[in-house]
Amino acid sequence: MRFDVLTLFPEMFEPINKSILGRAQEEKLINVNFVNIRDFSVDKHKKVDDTPYGGGAGMVIRPDVVYKSYQSVKTSNAKVIYMTPQGKTLNQRLVEKLSKEKHLIILCGHYEGIDQRVLDKIVDEEISIGDYVLTGGEIPAMVLIDSVSRYVEGVLKKESIQEESFSNGLLEYPQYTRPEIFEGETVPEVLLSGHHQNIEKWRKNKSLEITKKKRPDLLK
Ligand code: 4H7
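About the cut-offs
- Residues numbered from 1 in each chain as written.
- Predicted model: local features only at pLDDT ≥ 70, side-chain atom pairs only at ≥ 80, totals over all residues.
- Heavy atoms only, no water.
- Helix = DSSP H or I, 4+ residues; strand = E, 2+ residues; numbered from the N terminus.
- Buried < 20%, exposed > 50% of the residue type's maximum accessible area, 1.4 Å probe, protein only.
- Contact = heavy atoms within 4.5 Å.
- Lys, Arg positive; Asp, Glu negative; His and termini not counted.
- Charge placed at Lys NZ, Arg CZ, Asp CG, Glu CD.
- Expected span 1.5 Å × (residues − 1).
- Salt bridge = Lys/Arg side-chain N within 4 Å of Asp/Glu carboxyl O.
- Patch = residues over 30% accessible without salt bridge, like charges linked within 9 Å, V, L, I, M, F, W, Y side chains within 5 Å.
- Areas by Shrake-Rupley, 256 points an atom, 1.4 Å probe, with all protein chains shown as cover.
- Near = heavy atom within 4 Å.
- Polar contact = N/O pair within 3.5 Å; in protein donor to acceptor, adjacent residues only side chain to side chain.
- 1 Å grid on protein atoms, 1.4 Å probe; cavity = no way out; pocket = protein on both sides within 12 Å on 5 of 7 lines; lining within 4 Å.
- Sits in = over half its atoms within 2 Å of the grid points.

## Section: the overall build of the protein chain
The helix and strand inventory of the protein chain stands at seven helices and seven strands. Secondary structure elements of the protein chain occur, N-terminal to C-terminal, as β-α-β-β-β-α-β-α-β-α-β-α-α-α. Principal-axis analysis of the C-alpha atoms places the extent of the protein chain at approximately 70 × 40 × 35 Å. The buried share of the protein chain, reckoned over its 220 residues, is 40%. Summarising the internal contacts of the protein chain: among those between residues at least 6 apart in sequence, 74% fall at separations of at least 24. Computed over 32 positive and 33 negative side-chain charges, the separation of the two mean positions in the protein chain equals 3 Å.

As structure tokens, this is what we get:
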């Protein structure tokens, strides 16, 4: 799967090169490419933003530079996503749907946002990562890339994706590892028993119990 990120701050994306997503890129399971919108400035001072027509605080990103950056990466099967608080809230269902795409172009706004005319021309879907305000769309873009990449064949072991939160509609059961006694606290005995059926039953029960207690809304 290919991701192209259109952003004024490509250096914010370093975390994408670590851990599981770093390995996934080395193994060519995903390809994450960054396009610096500033490289498409038409101005001798590399300016990309200007004051809003009609007045008001802050700066708005110009449509022409964004459009050129988009044209540098667009393909016939690309889906363009704009990270904005006005978008549809991201959830596991939407993540799974997006993971079926071949090519995502993710547009990150900053400052007061982007001129509406280019958004109307190129954006297929607006997505928000939740009802709060951030300084830019870069962190939401990282959240999207991380969550979607986990569904790309080979990025995770198969079992981990089936067992996790939300995929089965429930929260996850608790995990334990060595030492067997920590600060006087032992590990639930069934987990030491080696009885796989009982372990599975215990975990299912815990999942249900935790979901009831912490997120009863998920059971409705
Ligand atoms: C696009 C349009 C996403 C990007 C507007 C982005 C939260 C989210 C941004 C804005 C984001 C999310 C303009 C919104 C300035 C805030 C004060 C960048 N914030 N801005 N406003 N929830 N901010 O996914």
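Having put the structure on the table, let's press on.
## Regarding helix α5 (residues 138-149)
Residues that lie three or four places apart on an α-helix share one face, since the helix turns once every 3.6 residues. Here α5 spans 16 Å end to end across twelve residues, near enough to the 16 Å set by a 1.5 Å rise per residue. Of all twelve residues that make up α5, nine are buried, and the element is covered over most of its length. Buried within α5 we find E138, P140, A141, M142, L144, I145, S147, V148 and S149.

## Quick notes on the pattern of salt bridges
Enumeration according to the criterion identifies ten salt bridges in this entry. For D4, the salt bridge is made with R2, and the minimal N-O distance between the two is 2.7 Å.

## Some details on a nonpolar patch on the surface
Side chains of M12, Y132, L134, I139 and V143 sit close together on the surface and give an oily, nonpolar patch of about 410 Å² of accessible area. Here M12 shows up in the loop between β1 (2-7) and α1 (19-26). Among the residues examined, M12 registers a relative accessible area of 31% and is labelled partly exposed.

## Overview of the site of the ligand
Near the ligand lie 15 residues; those nearest to it are Y82, I129, G130, Y132 and L134. Residue I129 places a main-chain N or O atom 2.8 Å away from an oxygen atom belonging to the ligand. Backbone polar atom of Y132 to a nitrogen atom of the ligand: 3.2 Å apart, as the coordinates give it. Isolated, the ligand exposes 520 Å² of accessible area, and the fraction of that covered by the protein chains is 83%. More than half of the atoms belonging to the ligand lie within 2 Å of the grid points that define the largest pocket.

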